[in-house]
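# Residue-level structural notes
Chain residues, written in single-letter form:
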Amino acid sequence: MTAKEYLMQYRQIEKEINRLLEERARWAALAEKMTPSLSGMPGGAGGGDRLGETVAKIVDLEREIDAKVDELMGHYRKIREAVSQIPDAKEREVLLRRYMQGQSWEEIAERMGVTERWVYQVHKRAIFSLHFSKLH
């Protein structure tokens, strides 16, 4: 995996975490909406605790989602930590803006008050620094 591929995982992980948290919230809302059916009534639950079984399944799904989010957060933190270890502040800033904040090259240059060419050069050095400091 290249240093760029490693860094590009950051935004993908962030999106996946958000998607999982939204899914978890949907399941939690569904569990809250559920009401027990009366046994023996037309359309009632009849033979078993369907509500309890369904809530238990939802709780299991929420636990699975929580575990996946925890795993993804571990990767997320490793990427942030790798970037934070780059000694040069400008290199760190370029990587943070590009890969963590998703800024375009033009936007990075504008916000940092430099040319795009300068940003490309600093980015190249930062990728080199990251590649040899954290990926080997």
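Before reading further, recall that the structure is shown in the block above.
The structure contained in this document is the topic of the report that follows. Quantities reported herein were computed from a predicted structural model and do not represent experimental measurements. (Residues numbered from 1 in each chain as written. Predicted model: local features only at pLDDT ≥ 70, side-chain atom pairs only at ≥ 80, totals over all residues. Heavy atoms only, no water.)

### Looking at the overall build of the protein chain
To keep things clear, this is the line we draw: Going along the chain from the N terminus, every DSSP run of H or I of four or more residues is numbered as a helix, and every run of E of two or more is numbered as a strand. Accessibility here uses a 1.4 Å probe with only protein chains present; expressed as a share of the type maximum, an area under 20% marks a residue as buried, one over 50% as exposed, and anything in between as partly exposed. Accessible surface is estimated by sampling points in the Shrake-Rupley manner with a 1.4 Å probe; for residues, cover comes only from the protein chains shown.
For the protein chain, the count of helices and strands is 5 helices and 0 strands. For the protein chain, the proportion of its 136 residues judged to be buried stands at 26%. With an accessible surface of roughly 9200 Å², the protein chain has 52% of that area assigned to carbon and sulfur atoms.

### Points about the packing of aromatic side chains
To be explicit about the condition: Aromatic pairs are defined between Phe, Tyr and Trp rings, using the six-membered ring for Trp, whenever the two ring centres lie within 6.5 Å; interplanar angles under 30 degrees are classed as stacked, those over 60 as edge-to-face, and all others as tilted.
Here the structure, examined in full by the defined rule, presents 2 aromatic pairs. Centre to centre, the rings of Tyr 10 and Tyr 76 are 4.2 Å apart; their planes meet at 15°, and the pair counts as stacked. On the criterion of sequence distance, the pair formed by Tyr 10 in helix α1 (residues 3-33) and Tyr 76 in helix α2 (residues 50-84) is long-range, its members being 66 residues apart. A relative accessible area of 14% means that Tyr 76 is categorised as buried. On the numbers, 5.3 Å between centres and 65° between planes, the contact of Trp 105 with Tyr 120 is edge-to-face. Placement of Trp 105 in helix α4 (residues 105-112) and of Tyr 120 in helix α5 (residues 116-134) is noted, with a sequence separation of 15 residues between them. The class for Tyr 120 is partly exposed, based on a relative accessible area of 40%.

### Thoughts on the nonpolar core
Threshold: Only buried residues count toward a nonpolar core, which is a set of Ala, Val, Leu, Ile, Met, Phe, Trp, Tyr and Cys residues joined through side-chain atoms within 4.5 Å.
Counting residues in each nonpolar core, the largest one holds 21 residues, and the members touching the most others are Leu 7, Ile 79, Leu 95 and Leu 130. Listed by contribution, the elements that provide at least two residues to this core are α1, α2, α3 (89-100) and α5. Of all hydrophobic cores here, the second largest spans 7 residues; its members include Val 94, Ala 109, Met 112 and Val 122.

### Focus: the environment of Ala 89
With respect to the element layout, Ala 89 can be found in helix α3. Ala 89 sits 37 residues away from Ala 126 along the chain, and the two C-alpha atoms are 9.8 Å apart.

### Some words on the side chain of Gln 103
Stated formally: In what follows, residue pairs with any heavy atoms lying within 4.5 Å of each other are defined as contacts.
Note on placement: Gln 103 falls in the loop between α3 and α4. Residues contacting Gln 103, with those up to four places away along its chain left out, are Arg 97, Arg 98, Ile 108 and Arg 111.

### Focus on α2
Convention followed: Between the first and last residue of a helix there are one fewer steps than residues, each counted as 1.5 Å, and that sum is the expected span.
Relative to the 51 Å expected for 35 residues at 1.5 Å per residue, α2 spans 50 Å between its end C-alpha atoms, a close match to the ideal helical length. Inspection of α2 places Ile 58, Glu 62, Ile 65, Val 69, Leu 72, Tyr 76, Ile 79, Ala 82 and Val 83 among the buried residues, and these make up the whole buried set.

### Brief notes about the packing of α3 against α4
Rules: Under this scheme, a helix contributes an axis fitted over its contacting stretch, all axes are lines through C-alpha atoms, and angles between N-to-C directions fall in the 0 to 180 degree range. Here is the rule for angles: anything less than 35 degrees is roughly parallel, anything more than 145 is roughly antiparallel, 65 through 115 is roughly perpendicular, and the remaining ranges are oblique. Take the far helix as your reference; a near helix turned counterclockwise from it by less than a right angle gives a left-handed crossing, and one turned clockwise gives a right-handed crossing. Note on residue categories: nonpolar means Ala, Val, Leu, Ile, Met, Phe, Trp, Tyr, Cys or Pro, charged means Asp, Glu, Lys or Arg, and polar means any other residue, Gly included.
As a packed pair, α3 and α4 sit with axes 10 Å apart at the nearest point and diverge in direction by 135°. The angle between α3 and α4 places the two elements in the oblique class. In terms of crossing hand, the pair formed by α3 and α4 is right-handed. Packed against α3, whose contacting residues are Lys 90, Glu 93, Val 94, Arg 97 and Arg 98, the element α4 presents Trp 105, Ile 108, Arg 111 and Met 112 at the interface. Counted by class, the contact of α3 with α4 contains 4 nonpolar, no polar and 5 charged residues.

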